[in-house]
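Understanding the architecture of this molecule
Listed below are the residues making up each chain.
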Amino acid sequence: MDRNKAAKWTLSLLLWTWAGTLYFFGEVAWKTLRGRPETISWTMLALAIVLAIPLERFGAELPWTMPLALQAAICAAAITATEFAAGCLLNLWLRLDIWGYSHLPGNLLGQICPQFSLLWLALSLFGIVLLDWIRYAIEGGDKPRYRLI
């Protein structure tokens, strides 16, 4: 692997870790404010880092002509699917009870729900743009530009 390619992948790894950690601290604050700090788990940090990958890679690989709303919708779907798989493993099979959406309408096995899929959509819009601008500030290249639809 040449030096330039290695540097790009190192930047991607750093961005995934940074974005996942940022989300995790938001999760810690949310659960602490709601009086549920016992539900904070290191698995949320690991999952958040994994979920940062499509956000960062979309900005790095997709053409600027792809609508930002479509990028965010694809990311939200990927996040929701990963959350479902992780929830089935961590919450249902291992019984860690890290999160649960059983009380929300439209939930699937208490692991995902439409309300949080919409939250992932909003966070994806924000995350894609933020990671694009960080990458641009560090690497240069094409200045980020977006089509909403």
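Going by the structure above, here's the rest.
Below, the structure is looked at part by part. (Residues numbered from 1 in each chain as written. Predicted model: local features only at pLDDT ≥ 70, side-chain atom pairs only at ≥ 80, totals over all residues. Heavy atoms only, no water.)

1. As for the packing of aromatic side chains
Evaluated as defined, the whole model comprises 7 aromatic pairs. Residues Y23 and W120 carry aromatic rings whose centres are separated by 6.0 Å and whose planes lie at 70 degrees to one another, so their mutual orientation is edge-to-face. Placement of the pair is Y23 in helix α1 (residues 3-33) and W120 in helix α4 (residues 114-139), with a sequence separation of 97 residues. With a relative accessible area of 7%, W120 lands in the buried category. Within the aromatic cluster, the residues linked to one another by ring pairs are Y23, Y101, F116 and W120. The ring of W9 has R57 lying over it, and the distance from NZ or CZ to the ring centre is 4.8 Å. (Phe/Tyr/Trp six-rings, centres within 6.5 Å; stacked < 30°, edge-to-face > 60°. Helix = DSSP H or I, 4+ residues; strand = E, 2+ residues; numbered from the N terminus. Buried < 20%, exposed > 50% of the residue type's maximum accessible area, 1.4 Å probe, protein only. Lys NZ or Arg CZ within 6 Å of the ring centre and 35° of its normal.)

2. Concerning the side chain of D132
Assignment of secondary structure puts D132 in helix α4. The charged side chain of D132 is buried without a salt bridge, its nearest counter-charge being R135 at 6.0 Å. Here D132 is in contact with G59, A60, W64, P144 and Y146, once residues within four sequence places are set aside. (Lys, Arg positive; Asp, Glu negative; His and termini not counted. Salt bridge = Lys/Arg side-chain N within 4 Å of Asp/Glu carboxyl O. Contact = heavy atoms within 4.5 Å.)

3. Description of the environment of P67
One can find P67 in the loop between α2 (42-61) and α3 (68-93). We classify P67 as buried; its relative accessible area is 17%. The spatial distance from the C-alpha of P67 to the C-alpha of I40 is 35 Å, given a sequence separation of 27 residues.

4. What to know about the layout of surface pockets
Reported here for the largest pocket is a volume of approximately 850 Å³. Looking at the largest pocket, it is lined by 34 residues, and the ones nearest its centre are Y23, E27, L119, W120 and L123. Of all the elements in the fold, those that place two or more residues in the lining of the largest pocket are α1, α2, α3 and α4. Looking at the lining of the largest pocket residue by residue, the class counts come to 23 nonpolar, 6 polar and 5 charged. Of the pockets and cavities examined, the second largest pocket occupies roughly 300 Å³. Lining the second largest pocket are 17 residues, with K8, G59, A60, R135 and E139 sitting closest to its centre. Among the elements of the structure, α1, α2 and α4 are those that each provide at least two residues to the lining of the second largest pocket. Broken down by class, the residue content of the lining of the second largest pocket amounts to 6 nonpolar, 4 polar and 7 charged. (1 Å grid on protein atoms, 1.4 Å probe; cavity = no way out; pocket = protein on both sides within 12 Å on 5 of 7 lines; lining within 4 Å. Points joined across faces, edges and corners; volume = space filled by probe spheres on them. Nonpolar A, V, L, I, M, F, W, Y, C, P; charged D, E, K, R; others polar.)

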